[in-house]
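The residues making up each chain are set out below.
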Amino acid sequence: MAVAETQLYAKVSNKHRRKSLSALLESLLAKGFPAHIAQKALAATGQKTIDDAAKWLHSHCNDPSLEDPIPQEYALYLCPTGHLHNHLQEFWKESKLQCGKNRAHEIFPHITLCDFFTCEDQKVEILYDTLKRVGDRFSQCFPPSISLSLHSSTSYLGFFLGDSHANILKEFAQAFSSEASALADCHVKPCLKQLHLTLAHKFYPHHQKTLEQLAKCINPGDTCQWVAALYSRDMRFVHYQTLRALFQYKPQNIDELMINAGDFIYVDPTQQSDVSEGWVIGTSHRTGCRGFLPENYTERANESDTWVKHREYVFVTTSRIFTQTENEPNEKPNGEVHNPCMSRSVENVLSLQNANLRRGVLVMRHGERVDQVFGKSWLQQCLTADGKYYRADLNFPSTLPKRKDGVKQFEYDPPLSCCGIFQSRLIGEALLDQEVTVSYVYSSPALRCIQTAQHILQGLKLDQKVKIRVEPGLFEWTKWESSRAIPNFMTVTELAEASYKIDRIYRGNFPLSSLVPSENYEEYVSRSSAVIKEIITACPSKGKGVILIVGHGSSLMSFTRPLLGLPARDSSDFAQAVRKIPSLGMCFCEELKEENKWHMVNPPVKTLTHGANAAFNWRNCIVED
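Residues numbered from 1 in each chain as written. Predicted model: local features only at pLDDT ≥ 70, side-chain atom pairs only at ≥ 80, totals over all residues. Heavy atoms only, no water.

A. Region of interest: the overall build of the protein chain. Along its length, the protein chain carries 19 helices and 20 strands. Restricting the contact set of the protein chain to residue pairs at least 6 apart, pairs at least 24 apart contribute 77%. (Helix = DSSP H or I, 4+ residues; strand = E, 2+ residues; numbered from the N terminus. Contact = heavy atoms within 4.5 Å.)

Printed below as a string of structure tokens:
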């Protein structure tokens, strides 16, 4: 479209729109909503139905940003459908299972035509008209199939488009960009570099071979119908993490957030440092409200889960006939796609791994500690005037073990709560059910860790066979100690006299005297790397026994990443990740001895999730008005 013609169309189109508002907008205006609020609701819901927009408005009635003139961001993607899409989805699933989540899993399979741009709410319909008009113009020259070739590097895996087909798509993107920019008064930038369909991005280099093996089972020539789709996202939360609520949570305090199961919550990682352990502060996608919520009520969601599809243009070609062949996936009755080629590949990868498995290392955080429930002043709540311990709540331990330096030292070395004891024993029983053979047990010198290890062994029915090796080097990052000093831990003799099954012969690799108060991050990383190597060396590699390490939230990363050959995370990222590890959180590494490396796999038991149970005063609730 020539520039003069585009400008003329813009004038005619805008004049027509001023005379005739869309039926959806008219319906919302008739209900009494202001025009800018109604347009915001329509843009946020994809301008699909009046019910969607009205529901959004009702949910956002307390949204403090409702009046803010912040537009949505839009992007134009070319998305595959049909059998190729099914194979790509199978690859997404299996690559995540085998190699963990990488950057590509955040978004569905697509080719970017125009990257994200902003458009005012009242002009979004112009984008729809432009997509339809440009799509019609290119439909005759759109290729019946798109040439895709696999490209791989140490951090990227994906399909590159052939030049001739890529040029057609670039012309389509350029046409949409030019017309949308002129008509909707927004800056749309087409993608003119190498067009690609990403399969994996920012993964660990040692996963490249497995990802390539899975990708080779995708036939890029599979039947496919391509769709140009316009998506939007909330530009305020682009760099936030997206969480999905697993359970409903009703606020107990005014600064807490109401969430329903399935809600999405935006969380800014940079704002979590001052939040209490086990909590996060975030903004609800459904309501726009902000507040605190329990982190164990959520799980990580994908970036694109909150995106809204507005309109799509289907490129219909006649040279493809959608019939199922022996090389294409079968669809199961429940809608799941089964790809025989992909499944065989996954089975081969698994069988190769299982053939080489040797030792396993199970790293686990301790159970619920008493001060986690009752606060740092928990000890003051259950000491009599003469300093004797009594049980002020059923979740306090029934007794405290004897120690020579006095009961007040428990303030800095707290025990498990009764729920923490139950949690630990439950995990042990679950390991027993899965027939996990624990050959060695190492524990941090913190009492809560030793108690966790003891009750896990009881659940495993191994407390009379396997003894706990107390390793001071397993203690958490000392910078996080509130007292700014190393706690006075119970001695091995005191622990044994309190009936804990301690290995009295074992001498730790790092004596208590070597722990430095307020150590820096590099010192902690170095200590952790050294101690895990010493533990692996000390445990014979014959057989398939599991080495159980009971430590702290920080242990899950600081002891497994050196095993996997991965560098330490940045200290700020490390701190944010540790905050998300719940009581008895665990991860599992298995040794591939023939390849001289370790590999992380799913833990042998499921996670343990439960809700909070607040203190109850019957008199205040039932009797008093």
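B. Focus on the sheet that holds strand 11 (residues 298–300). Strand order in the open sheet made by the five strands is 10-9-8-7-11, with antiparallel pairing throughout. The open sheet has two edge strands with one neighbour each: strand 10 (290–294) and strand 11. Averaged over all adjacent pairs, the angle separating strand axes in this sheet is 45°, with direction ignored. Relative to strand 10, strand 9 (residues 279–284) runs antiparallel, the two sharing five bridges. By the bridge assignment for strand 10, I281 is matched with F292. (Pairing = 2+ DSSP bridges. Axes fitted to C-alpha atoms, helices over the stretch in contact; angles between N-to-C directions.)

C. Fine view of the pairing of strand 3 (residues 148–152). Looking at chain direction, strand 3 and strand 4 (residues 156–161) are connected through five bridges and run antiparallel. Each residue of the ladder has a partner; that of S149, found in strand 4, is F160. Counted between consecutive antiparallel strands, the loop separating strand 3 from strand 4 contains three residues.

D. Representation of a nonpolar patch on the surface within the structure. On the surface, a nonpolar cluster with roughly 400 Å² of combined accessible area is contributed by F616, W618 and I622. Residue placement: W618 occurs in helix 19 (residues 618–623). (Patch = residues over 30% accessible without salt bridge, like charges linked within 9 Å, V, L, I, M, F, W, Y side chains within 5 Å. Areas by Shrake-Rupley, 256 points an atom, 1.4 Å probe, with all protein chains shown as cover. Salt bridge = Lys/Arg side-chain N within 4 Å of Asp/Glu carboxyl O.)

E. Examining the packing of aromatic side chains more closely. Under the criterion given, the structure shown has 30 aromatic pairs. Relative to W307, the ring of F116 lies with its centre 5.2 Å away and its plane at 75°, an arrangement referred to as edge-to-face. Taken as a pair, F116 in strand 2 (residues 111–119) and W307 in the loop between strand 11 and strand 12 (308–314) lie far apart in primary sequence, 191 residues in all. Taken individually, F116 and W307 each receive the classification buried, so the pair is uniform in this respect. Note on F142 and F315: the rings are 4.0 Å apart at their centroids and 10° apart in plane angle, and the pair reads as stacked. (Phe/Tyr/Trp six-rings, centres within 6.5 Å; stacked < 30°, edge-to-face > 60°. Buried < 20%, exposed > 50% of the residue type's maximum accessible area, 1.4 Å probe, protein only.)

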